[in-house]
Amino acid sequence: MSNTKTSPGNCFEDFRIGQVLRHATPRTVTRGDISLYNALYGSRFAVQSSDDFAERIRYPEAPVDDLLVFHIVFGKTVPDISLNAVANLGYAGGRFLAPVYAGDTLSAVSEVIGLKENSNGRTGVVYVRSTGYNQDGTEVLDYVRWVMVNKRDPASPAPETVVPELPEAIAPDALGDACPLIDAEAWDNELAGSPHRFDDYEVGERIDHVDGMTVEEAEHQIATRLYQNTARVHFNQFTEGQGRFGRRLVYGGHVISLARALSFNGLGNAFHIAGINAGRHVAPLFAGETVFAWSQVVEKAEMSGRHDVGALRLRMIATKDRPCHDFPLAGPDGAYDPSVILDFDMWVLMPR
Amino acid sequence: MSNTKTSPGNCFEDFRIGQVLRHATPRTVTRGDISLYNALYGSRFAVQSSDDFAERIRYPEAPVDDLLVFHIVFGKTVPDISLNAVANLGYAGGRFLAPVYAGDTLSAVSEVIGLKENSNGRTGVVYVRSTGYNQDGTEVLDYVRWVMVNKRDPASPAPETVVPELPEAIAPDALGDACPLIDAEAWDNELAGSPHRFDDYEVGERIDHVDGMTVEEAEHQIATRLYQNTARVHFNQFTEGQGRFGRRLVYGGHVISLARALSFNGLGNAFHIAGINAGRHVAPLFAGETVFAWSQVVEKAEMSGRHDVGALRLRMIATKDRPCHDFPLAGPDGAYDPSVILDFDMWVLMPR
Amino acid sequence: MSNTKTSPGNCFEDFRIGQVLRHATPRTVTRGDISLYNALYGSRFAVQSSDDFAERIRYPEAPVDDLLVFHIVFGKTVPDISLNAVANLGYAGGRFLAPVYAGDTLSAVSEVIGLKENSNGRTGVVYVRSTGYNQDGTEVLDYVRWVMVNKRDPASPAPETVVPELPEAIAPDALGDACPLIDAEAWDNELAGSPHRFDDYEVGERIDHVDGMTVEEAEHQIATRLYQNTARVHFNQFTEGQGRFGRRLVYGGHVISLARALSFNGLGNAFHIAGINAGRHVAPLFAGETVFAWSQVVEKAEMSGRHDVGALRLRMIATKDRPCHDFPLAGPDGAYDPSVILDFDMWVLMPR
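About the criteria used
Residues numbered from 1 in each chain as written. Chains lettered and ligands numbered in written order. Predicted model: local features only at pLDDT ≥ 70, side-chain atom pairs only at ≥ 80, totals over all residues. Heavy atoms only, no water. Helix = DSSP H or I, 4+ residues; strand = E, 2+ residues; numbered from the N terminus. Contact = heavy atoms within 4.5 Å. Buried area = accessible area lost by both parts, 1.4 Å probe. Salt bridge = Lys/Arg side-chain N within 4 Å of Asp/Glu carboxyl O. Nonpolar A, V, L, I, M, F, W, Y, C, P; charged D, E, K, R; others polar. Axes fitted to C-alpha atoms, helices over the stretch in contact; angles between N-to-C directions. Parallel < 35°, antiparallel > 145°, perpendicular 65-115°, else oblique. Left-handed = near helix turned anticlockwise from the far one by under 90°. Phe/Tyr/Trp six-rings, centres within 6.5 Å; stacked < 30°, edge-to-face > 60°. Buried < 20%, exposed > 50% of the residue type's maximum accessible area, 1.4 Å probe, protein only. Polar contact = N/O pair within 3.5 Å; in protein donor to acceptor, adjacent residues only side chain to side chain.

Honestly, the side chain of D211(B) in this entry has me stumped. Any pointers?
Position of D211(B) among the secondary structure elements: in the loop between strand 7 (206-208) and strand 8 (213-214). Discounting residues that sit within four places of it in the chain, D211(B) has contacts with R232(A), N236(A), L262(B), N265(B), V291(B) and F292(B).

Encoded structure:
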């Protein structure tokens, strides 16, 4: 008797504009998940690390790290969106919309907002807007990503091309919904680990985050399973050993979290990621390689109607096996320096 | 001054029929343990993953994964039963008897129910029934296992042979005590990740779970210590490097959990393991190897007095470094295919 | 624009006698942290493992493992004290002052109590007393450590030499503040895993803890990040691969916790570390090596005003790739045996 129960994932032909996919599996985020997240990346932002610190600035308790929320929501979309993906091409238009606390249950829904078959006729690009919800139906995160997906049959006709208009960046007045009004006077720079607040950063400033973190197979596998991300390339050495790289690929989100944790050294008061303007995994990371990072302040914005925090737009670059004291980015040919693996454009909030 | 404080474990001569062993160490199961379990296996069953999903079908909250309960109870028995074991030969007659929730404290007691010296005079087989209890003294799990244990002295006399009669399978009407009456109408297939319920499965049906998971040394060590399982072969490369395999052995229960997590793809609504009919670790697994799995529906049973769920008897086979699209089991000589590492016969519950 | 935001850590010239450093980042200890701690070391002490066991002997709930508290407090001191350390030379005068429970938030403050430039003029020794606090400002731990730190400029003048007087050991009447009065009658030896109580141990007695535990890179990295310890030598293979050892160094505290967990076999009722008299990391540990341990009872003390517990002073020795049946310590030249990596002198409490 043959097997018809397993999910083969969707191919390019399976997507249509306006299609809405309710993803499995809802996930209650716990203190256990937070501990593992901290242990995998070494995050040190005080608001997420300490209930006491969070409460003093008027959070009800320490919130869940923004990127842990992102990875869990992202993970849910994988079985429906990117199981047959050739590449995760980019992110845009991401906003954190409500704080998440331990005990909240996250689920995710995606809408197909763009389709474009590639000229080779074998693959196409799918654009989805994915939204994460908590158990009350409140939106906690939404973002757009686009992936290159295999066609089932190269002969199947191409859909009408729809490429969504994506903002270059989230407008500052759309930021901050996931950050309650804080008491910036109660913010203790010493405990937070940095004397530098919003006003101390200048547009154009570049910061080398100095430290490097080597990734082990067990670490990225544990992380990626924690997010219930089922993409096969991260876990199956038997198959990947015969594939393009001969090795398992590290989940791109693991690199984002490593770079964010490293960025504490220089951005210790950047306690909240409020928006993801753009993100691109420039090159793959493999176990055994060491991640470094640097950031540039691209823009500064005051927050409409609030004086507790300001928004810094940061371009965060991660490299592998290459320290960042000279801010590697483009090579002599204008393309990315071969060490660059991540180019991530985000808004962070800092106390004023 | 010599050392008399350490426990050498029991040898075959130390066991007698009817002997009752109260095991150390009681263990409070927490949300932290659950997170680690999820991160080690990538489990995606919705009832265990989401308080919200669990509450909608009338659990008080998400229950602890059945196999996490099994591993913790099993782990407690190791120092008294199998520290000097040559092999863990099999399981039978296992039933989950009450749900376990975060905050419950588990302890374990074993009774020796069978003894049989091997003809070589150097080892014997010990059969125990192990029972797990929560802090109220409620039985949460019991199962029989038998192990081959070294004799201290080959010259010591053989005990009278007692081999317990073990059921080929748990009778369906003895299943379900650990599963509250659920509201199957409130079960959301999309959120659960599978459209297939009890009535959609047929006896004889085989399901390839498709995906593979490579195991790292750090992963199985972390798992096995989480269960406070002290069997030396899993942790000590210095000694094992000089032993039979030259490597640390992966705890057999790690394979069961990996296969169970992989089986989500094809059995996404099989939310509860109600009984363990039989289990055998056919061959060892080592770090670096990749686990695949397939299942066959062996039997279907309605549950006495309840219409919310039905029971599927599954034979779950795990292999290493061998995908399961053609359902590997027996080789040409009738023995197990060399890729097979686990042959596990269990009852699972599915909503109707 | 250049980078002035990152912390370079302190050099020898930056310390002065009496200087007080309030360390970042406060950290709420959770059940998740406790799970990870257990999974990394396989700890089996019943009081920390089971709420039920702890409550029966009159704890309000299972307390956080003493060494987890130590590592978290220690981790906070690293960015300010030892980021530029050449070596962590020793510990002394450590006392656990109040129990810590899940949900407590720990922070740390250090005072510089000694300075001594080395004769080479390139490094100096810094002595600090570090104190851990909970969210109420209650002291939970204090200890002295001294580290060898690089000078920024060999030409800078030496400070006046101040070497603090350190006690050879904590006096017994200064022990026990972190241990509530327990009900020793309610202590269940079987559940605790050992029949041996305070009166069963003799001064001079040596105990081989038998088992060995191999350390993986992923494990010590996960542990060290869990403690938010940022010392670079543990994480960065790119840099360390070009350094003195060609490899990442395992955090010394990881060895202490491994030895403590192994010591359960022989010291199962030694449920609480009350004081750290002295500690020295004799040699580095690297991933792939296997840790063994043995202990000697150095002193026994009754506790002033209480009859529930007694204090054992233990010298705990850890080795690598060397079982401890013959208690390796000194080589023929009187120096440490080359297998020895840790020499740790502590007070533990046992029920009477």
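Could you clarify how one ought to interpret the environment of F245(B) in this entry?
Residues and elements named next belong to chain B. Relative to the helices and strands, F245 resides in the loop between helix 7 (237-240) and helix 8 (252-262). Separated by 39 residues in sequence, F245 and P284 place their C-alpha atoms 9.5 Å apart. Residue contacts for F245: discarding those within four places in its chain leaves P284 and F286.

Which parts of the structure should I look at to understand the interface of chain A and chain B?
Often, the extent of an interface is quoted as the loss of accessible area on bringing the components together. Contacts between the two partners involve 36 residues from chain A and, on the opposite side, 52 residues from chain B. When chain A packs against chain B, the two sides together hide about 3,400 Å² of surface, and 54% of this comes from carbon and sulfur. Between the two partners, chain A and chain B, sit 6 salt bridges. A salt bridge links E219(B) to R225(A), with the shortest nitrogen-to-oxygen separation between them at 3.0 Å. Every element with two or more residues in the side of chain A that touches chain B is listed here: strand 2 (27-28), helix 1 (31-41), helix 6 (217-226) and helix 7 (237-240) of chain A. Its residues placed into classes, the side of chain A that touches chain B shows 10 nonpolar, 18 polar and 8 charged.

Explain the packing of helix 1 of chain A against helix 1 (residues 31-41) of chain B here, please?
Helix-helix packing is described using two parameters, namely the angle between the two axes and the distance between the axes. Where helix 1 of chain A meets helix 1 of chain B, the axes come as close as 7 Å, and the angle between the chain directions of the two elements is 60°. Between helix 1 of chain A and helix 1 of chain B, the interaxial angle falls into the category oblique. Helix 1 of chain A and helix 1 of chain B meet at a crossing whose hand is right-handed. Contact residues: helix 1 of chain A offers G32(A), D33(A) and L36(A), while helix 1 of chain B offers R31(B), G32(B), S35(B), L36(B) and A39(B). Grouping the constituent residues of the contact of helix 1 of chain A with helix 1 of chain B by class yields 3 nonpolar, 3 polar and 2 charged.

Explanation requested: the packing of aromatic side chains in the structure shown.
Here a ring pair, both rings aromatic, is described through the centre-centre distance and the interplanar angle of the planes. Residue and element names in this part refer to chain B. Enumeration according to the criterion identifies 45 aromatic pairs over all chains in this entry. Between F45 and F264, the aromatic rings sit 5.2 Å apart at their centres with planes inclined by 75°, giving edge-to-face as the arrangement. One end of the pair, F45, is in the loop between helix 1 and helix 2 (46-49); the other, F264, is in helix 9 (residues 264-267), with 219 residues separating them in the sequence. Assigned by exposure class, F45 and F264 land together as buried.

Got a minute to help me understand the interface of chain A and chain C in this structure?
Listed by partner, the interface residues are 52 residues for chain A and 36 residues for chain C. Counting the surface chain A buries against chain C, the share from its top three residues, A39(A), R44(A) and L191(A), is 16%. Here D211(A) and R232(C) are joined by a salt bridge, their closest N and O atoms 2.7 Å apart. At the boundary of chain A and chain C, one finds 23 residue pairs in polar contact (both at pLDDT 80 or more). A per-element tally of the side of chain A that touches chain C places helix 1 of chain A first, with 8 residues. Looking at the side of chain A that touches chain C, its residues break down into 19 nonpolar, 16 polar and 17 charged.

Which parts of the structure should I look at to understand helix 1 of chain A?
An α-helical turn contains 3.6 residues, so a residue and the one three or four places further along point in the same direction. All names here are of chain A. Extensive coverage of helix 1 is indicated by the burial of 10 of its 11 residues. All of the buried residues along helix 1 are G32, D33, I34, S35, L36, Y37, N38, A39, L40 and Y41. Capping the start of helix 1, T30 holds a side-chain oxygen 3.0 Å from the backbone nitrogen of G32, two or three residues further along. Backbone geometry just after helix 1 places G42 at a positive phi near 75°.

Keep in mind these numbers describe shape, not what the thing actually does.
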